[in-house]
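# Understanding the architecture of this molecule
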Amino acid sequence: MKIPYAEPYKIKMVEQIQKSSFEERKKWIKDAKYNLFNLTGKQVFIDLLTDSGTGAMSDKQWAALMTGDESYAGSDSYYRLKEMVKKLTGFEYFLPTHQGRAAENVLFSAILKEGNLIPGNAHFDTTKGHIEFRKAVAVDCTVEKAFDPELIYPFKGNLDLEKLEDILKKNPSENIPFIIVTLTCNTTGGQPVSMQNLKSVQGLAHKYNTKVIFDSARFAENAYFIKIREKGYRNLTIKEIVKEMFRYADGMTMSSKKDGIVNIGGFMAFRDRDYYDRASVYNIMFEGYLTYGGMAGRDMNALAQGLDEATEFNYLESRINQVAYLGEQCSKYGIPVMKPYGGHAIFVNASKFLSNIPREEFPAQTLAIELYLEAGVRGVELGAIMADRDPVTRKNRFPELELVRLAIPRRAYSYTHMDVVAAALKNIYDRRNKIKRGVKIVKEVPILRHFTVELKKC
Ligand code: F0G
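Quick caveat, the model's predicted, so the values are computed rather than measured.

Turning our attention to the overall build of the protein. On a plain count of helices and strands, the protein comes out with 15 helices and 14 strands. What you see for the protein is a C-alpha radius of gyration of 22 Å, in line with the 23 Å of a compact globule of 458 residues. Reported as C-alpha extents along the three principal axes, the dimensions of the protein are approximately 60 × 55 × 45 Å. Scored against the burial criterion, the 458 residues of the protein give a buried share of 56%. Here the protein has roughly 19,900 Å² of accessible surface; of this, 53% comes from carbon and sulfur atoms. Computed over 66 positive and 56 negative side-chain charges, the separation of the two mean positions in the protein equals 4 Å.

Taken together, three strands build an open sheet; the order of strands is 9-12-11 and the sheet is antiparallel. Where the open sheet ends on each side, the last strands, each with one partner, are strand 9 (345–349) and strand 11 (380–382). For this sheet the average axis-to-axis angle between neighbouring strands, irrespective of direction, equals 30 degrees. Relative to strand 12 (residues 403–407), strand 9 is paired through five bridges, and the arrangement is antiparallel. Counted as the bridge partner of Asn 349 is Leu 403 from strand 12. The strands touched by helix 14 (residues 363–375) are strand 9, strand 11 and strand 12; relative to strand 12, the strand with the most contacts, the crossing angle is about 45 degrees.

Accessible area lost upon the coming together of the parts is a frequently used measure of interface size. Along its sequence, the protein is organised into domain 1 (22–51 + 313–457) and domain 2 (59–310). The interface of domain 1 with domain 2 comprises 26 residues on the first partner and 31 residues on the second. Summed over both sides, the interface of domain 1 with domain 2 buries roughly 2,400 Å², with 57% coming from carbon and sulfur. The interface formed by domain 1 and domain 2 contains six salt bridges. The partner of Arg 218 in a salt bridge is Asp 51, and the shortest N-O contact between them spans 2.9 Å. Between the two partners, domain 1 and domain 2, sit 14 residue pairs in polar contact (both at pLDDT 80 or more). The dominant element in the side of domain 1 that touches domain 2, judged by the number of residues it contributes, is helix 12 (residues 313–332), at seven residues. When grouped by side-chain class, the residues that make up the side of domain 1 that touches domain 2 number 12 nonpolar, five polar and nine charged.

Summed over the entire model, instances satisfying the criterion amount to 28 salt bridges. Salt bridges here are not isolated pairs; linked through shared partners, they connect Asp 51, Arg 218, Glu 221, Asp 259, Arg 319 and Arg 410.

Residue placement: Asn 158 occurs in the loop between strand 4 (137–140) and helix 6 (161–170). By relative accessible area, Asn 158 is classed as buried at 7%. Only 2.9 Å separates the side chain of Asn 158 from the backbone nitrogen of Ser 194, close enough to count as a polar contact. Excluding its chain neighbours within four sequence positions, the residues that come into contact with Asn 158 are Cys 141, Thr 142, Val 143, Tyr 153, Pro 192, Val 193, Ser 194 and Asn 197.

This part covers helix 14. The first and last C-alpha atoms of helix 14 sit 18 Å apart over 13 residues, in line with the 18 Å expected at 1.5 Å per residue. Buried within helix 14 we find Pro 363, Ala 364, Gln 365, Thr 366, Leu 367, Ala 368, Ile 369, Glu 370, Leu 371, Tyr 372, Leu 373 and Ala 375.

Here we take up helix 7 (residues 195–207). Here helix 7 spans 18 Å end to end across 13 residues, near enough to the 18 Å set by a 1.5 Å rise per residue. Its buried side turned inward, helix 7 meets helix 6, strand 5 (178–182), strand 6 (211–215), helix 8 (219–229) and helix 9 (238–247). Looking one or two residues past helix 7, Asn 209 carries a phi angle of roughly 60 degrees, positive in sign.

Our focus in this paragraph is empty space enclosed by the protein. Taken as a whole and judged by the stated rule, the model has four cavities of 30 Å³ or more. Of the volumes computed, that of the largest cavity is approximately 80 Å³. Looking at the lining of the largest cavity residue by residue, the classes come out as six nonpolar, four polar and one charged. For the second largest cavity, the calculated volume is near 60 Å³. Every residue lining the second largest cavity is listed: Glu 7, Tyr 9, Tyr 315, Ser 318, Arg 319, Gln 322, Arg 411 and Tyr 415. Of the residues forming the lining of the second largest cavity, the biggest block, four residues, is contributed by helix 12. Of the residues that constitute the lining of the second largest cavity, the class distribution is three nonpolar, two polar and three charged.

What follows deals with the site of the ligand. Of all residues adjacent to the ligand, which total 16 residues, the nearest are Thr 50, Arg 101, Ser 255, Lys 258 and Arg 405. Contacts to the ligand include Gly 100, whose backbone N or O atom sits 2.8 Å from an oxygen atom. Here the ligand has 470 Å² of accessible area as a free molecule, and 93% of this is covered by the chains. When residues in the shell around the ligand are grouped by element, the largest group, three residues, is from helix 4 (residues 100–111). Tallied by class, residues from the shell around the ligand come to one nonpolar, eight polar and seven charged.

Two elements in contact, helix 3 (residues 76–89) and helix 9, have axes separated by 7 Å at closest approach and are oriented at 85 degrees. Accordingly, the angle class assigned to the pair helix 3 and helix 9 is roughly perpendicular. Contacts between helix 3 and helix 9 pair Lys 86, Lys 87, Leu 88 and Thr 89 from the former with Lys 239, Val 242, Lys 243 and Phe 246 from the latter.

The geometry of helix 2 (residues 59–66) relative to helix 11 (residues 297–310) is characterised by a closest axis approach of 7 Å and an angle of 155 degrees between their N-to-C directions. In this view, helix 2 runs roughly antiparallel relative to helix 11, as classed from their interaxial angle. Helix 11 is crossed by helix 2, and the crossing has right-handed handedness. Packed against helix 2, whose contacting residues are Lys 60, Gln 61, Ala 64 and Leu 65, the element helix 11 presents Arg 298, Asp 299, Asn 301, Ala 302, Gln 305, Gly 306 and Glu 309 at the interface. For the contact of helix 2 with helix 11, a count of residues per class yields three nonpolar, four polar and four charged.

The rules behind these values
- Residues numbered from 1 in each chain as written.
- Predicted model: local features only at pLDDT ≥ 70, side-chain atom pairs only at ≥ 80, totals over all residues.
- Heavy atoms only, no water.
- Helix = DSSP H or I, 4+ residues; strand = E, 2+ residues; numbered from the N terminus.
- Rg over C-alpha atoms; globule rule 2.2 N^0.38 Å.
- Buried < 20%, exposed > 50% of the residue type's maximum accessible area, 1.4 Å probe, protein only.
- Areas by Shrake-Rupley, 256 points an atom, 1.4 Å probe, with all protein chains shown as cover.
- Lys, Arg positive; Asp, Glu negative; His and termini not counted.
- Charge placed at Lys NZ, Arg CZ, Asp CG, Glu CD.
- Pairing = 2+ DSSP bridges.
- Axes fitted to C-alpha atoms, helices over the stretch in contact; angles between N-to-C directions.
- Contact = heavy atoms within 4.5 Å.
- Domains from an automatic or database assignment.
- Buried area = accessible area lost by both parts, 1.4 Å probe.
- Salt bridge = Lys/Arg side-chain N within 4 Å of Asp/Glu carboxyl O.
- Polar contact = N/O pair within 3.5 Å; in protein donor to acceptor, adjacent residues only side chain to side chain.
- Nonpolar A, V, L, I, M, F, W, Y, C, P; charged D, E, K, R; others polar.
- Expected span 1.5 Å × (residues − 1).
- 1 Å grid on protein atoms, 1.4 Å probe; cavity = no way out; pocket = protein on both sides within 12 Å on 5 of 7 lines; lining within 4 Å.
- Points joined across faces, edges and corners; volume = space filled by probe spheres on them.
- Near = heavy atom within 4 Å.
- Parallel < 35°, antiparallel > 145°, perpendicular 65-115°, else oblique.
- Left-handed = near helix turned anticlockwise from the far one by under 90°.

Structural data, given as structure tokens:
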């Protein structure tokens, strides 16, 4: 008999989570104005709002916290983290920040100018926000295949090289300081970028005299997909693949809350001194002195350990198999989910799931509310509410995809929790024709409205 697959860890500490009744949830979600961000953690049973900062640290990471060095300047923990980043990426120059968007804030303050173009693969919202805040433009060059939710293609995070070259060719290089490649591409469903694509993007960057920055939040998950899906990488270790990936970049921003498996933290790292020197000034102003940049010494110590663990094959296999397991359960019940399954999350196609509900009544938010009511599971709407209104016409924007993201925290939930989520979705799917009305907006702010929007049932 084939020995079944199991996680490469056992549990040393547990945290109680609260079950609740349907009646309680009905009241709580109404009090929360039908916005899942307004629920308290205690009102949620299984929290799949994000995989960011929600993972479980290992015993070695907790031990590393105790030995953190809190020196303001030159702490041991800073050097331990800097060495780990260098070992993994080859980058010599390193600046810590308090989280990923802080690294974007610092780097873009130093480099971006009004009117610059920043090509990339479906930039993450904070990245795009920081580009647009400086009156520069994020140009999406993702492959078209990424926008067909059921198409099986191994590297739906890839950049379309023709689109990219077209932008590079038509604009002077001083107007395009760098290209941003997001690994894995969160916005298109946690989809990976192939090594071949990374190599080609760097080739174009050299040809047109610009640089490549990786938005690296889920770089280790990307490396796992390269190992499993791309020819020639099966026999390399994850760390060898990671090292090769970063050969095709000049620098990186990082949200350590994902593949660093810590609850807070971020950084930048560069191959050359130039960007480091320019970013250093802003790091001191916005984050803190160069050797802590918004992080406690103990947190840098735990992060160094977390990066080491996140780039081990056994961990990644267990992580990505668990996400795929939830995807498989959903597919088995006929629930429309994006394919291939992403590295960190399952994305439910809400406009297909609740096809009775018009886009104006926000089917993804309606489904996220139903999922909470059904079993206390919290996901997040990635659809028209998140897309905000058009800044000029003030009309609602309706993006191509209307999704509910179920992001799986690292090492936190069991396979049985995944069964609960899939069963809850199945129950809703079985009664989907009875759900005839969605929600409408009562109160909203002009940008990033999804965090604070107030809704009511139609
Ligand atoms: N880049 C990517 C690809 C991200 O997914 C995120 C955060 C960031 C940058 C910003 O990092 O949160 O540390 O400031 N994504 C979270 C999510 C919030 O839920 O997907 P941060």
